[in-house]
Amino acid sequence: MDGVNYDDALMPPDPFAGDPNDPASFLEPDDDYPEGPVSDEERVLLREDLTNVRRFRELLEPRGVRGISMLCDDCDELHYYDWPIILANITTLLSGDAVPVHEPGAAPDPDFYVSWEYCAGYADAVDWIEQEHRANPRFRF
Ligand SMILES: [Zn+2]
């Protein structure tokens, strides 16, 4: 009998492996963050998340964006996180405590939330524009 052999070795590599822009390490499944002190590696990722989220907020809050939407691994639905909640969650993780993934459903308006990828792309674009502007002060996007 020729069955299909699902060999793990044939699985494509994780496209985000080793990528510093791996989206949202602070919301990865619980087994990545067992309770107790976080590892040095996790700490580095969380600090990056913290830096990124602060920057995203700085850029997007003035435009009316209230936070980030994330697909929840547990219930397969989008959850909406306000900026202060995201920052508090990351800070809590950094201190080694577990974070409840499910926020109470306050029926947030999805129009005011964007994805992590959106934030990252937006921040990249702003960086690029700023670089161009420094190189050529008359540059207008
Ligand atoms: Zn959920």
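What counts and what doesn't
- Residues numbered from 1 in each chain as written.
- Predicted model: local features only at pLDDT ≥ 70, side-chain atom pairs only at ≥ 80, totals over all residues.
- Heavy atoms only, no water.
- Salt bridge = Lys/Arg side-chain N within 4 Å of Asp/Glu carboxyl O.
- Buried < 20%, exposed > 50% of the residue type's maximum accessible area, 1.4 Å probe, protein only.
- Phe/Tyr/Trp six-rings, centres within 6.5 Å; stacked < 30°, edge-to-face > 60°.
- Helix = DSSP H or I, 4+ residues; strand = E, 2+ residues; numbered from the N terminus.
- Lys NZ or Arg CZ within 6 Å of the ring centre and 35° of its normal.
- Donors = N, O, S within 2.8 Å, 3.2 Å for Na, K, Ca; no water.
- Axes fitted to C-alpha atoms, helices over the stretch in contact; angles between N-to-C directions.
- Parallel < 35°, antiparallel > 145°, perpendicular 65-115°, else oblique.
- Left-handed = near helix turned anticlockwise from the far one by under 90°.
- Contact = heavy atoms within 4.5 Å.
- Nonpolar A, V, L, I, M, F, W, Y, C, P; charged D, E, K, R; others polar.
- pLDDT = per-residue confidence, 0-100.
- Expected span 1.5 Å × (residues − 1).
- Arc of directions from axis to C-beta.

**Overview of the pattern of salt bridges**
Logical step 1: A full pass over the atoms with the stated rule returns two salt bridges.
Logical step 2: A salt bridge links arginine 57 to glutamate 61; the shortest N-O distance between them is 3.2 Å.
Logical step 3: A relative accessible area of 38% places glutamate 61 in the partly exposed class.

**Overview of the packing of aromatic side chains**
Logical step 1: The full count for this structure, using the stated rule, is three aromatic pairs.
Logical step 2: For the pair phenylalanine 56 and tryptophan 116, a centre-to-centre distance of 5.2 Å together with 80° between the ring planes defines the contact as edge-to-face. Here the residue phenylalanine 56 occupies a position in helix α1 (residues 40-60), and tryptophan 116 occupies one in helix α3 (residues 116-135), the gap between them amounting to 60 residues.
Logical step 3: Measuring from centroid to centroid gives 6.1 Å for tyrosine 118 and tyrosine 122, while their planes differ by 20°, and the two rings are stacked. Taken together, the residues span about one helical turn, with tyrosine 118 and tyrosine 122 both in helix α3 at a distance of four residues.
Logical step 4: Sitting over the face of the ring of phenylalanine 112, arginine 66 holds its NZ or CZ atom 3.8 Å from the ring centroid.

**Details of the coordination of the zinc ion**
Logical step 1: The protein atoms that coordinate the zinc ion are Cys72 (SG), Cys75 (SG) and His79 (NE2), at distances of 2.0 to 2.3 Å.
Logical step 2: Within one chain, the residues donating to the zinc ion are spaced in sequence as C-x2-C-x3-H.
Logical step 3: The buried category is assigned to cysteine 72, whose relative accessible area is 4%.
Logical step 4: Owing to a relative accessible area of 15%, histidine 79 belongs among the buried residues under this scheme.

**Focus: the packing of α1 against helix α2 (residues 83-94)**
Logical step 1: Orientation of α1 relative to α2, taken along the N-to-C sense of each, is 165°, at an axis distance of 10 Å. One element, α1, and the other, α2, form an angle in the roughly antiparallel class. As for how α1 packs across α2, the hand of that crossing is left-handed. Contacts between α1 and α2 involve Arg43, Leu46, Arg47, Asp49, Leu50, Val53, Arg54, Phe56, Arg57 and Leu60 from the former and Trp83, Pro84, Ile86, Leu87, Ile90, Thr91, Leu93 and Leu94 from the latter.
Logical step 2: When its residues are assigned to classes, the contact of α1 with α2 shows 12 nonpolar, one polar and five charged.

**Description of the confidence of the model for the protein chain**
Logical step 1: Overall, the prediction assigns the protein chain a mean pLDDT of 80, with 68% of residues at 70 or greater.
Logical step 2: Element-level pLDDT for the protein chain is lowest in strand β2 (residues 78-82), with a mean of 91, against a maximum mean of 97 in strand β3 (residues 113-115).

**Re α2**
Logical step 1: Between the first and last C-alpha of α2 there are 17 Å, a value that for 12 residues agrees with the 16 Å anticipated at 1.5 Å per step.
Logical step 2: Those residues of α2 that fall on the buried side of the exposure criterion are Trp83, Ile86, Leu87, Asn89, Ile90, Leu93 and Leu94. The buried residues of α2 all sit within an arc of 160° when viewed along its axis, so they share a single face.
Logical step 3: Taken together, the buried residues of α2 touch α1, β1 (67-71), β2 and α3.
Logical step 4: Glycine 96 lies just past α2 and shows a positive phi near 95°.

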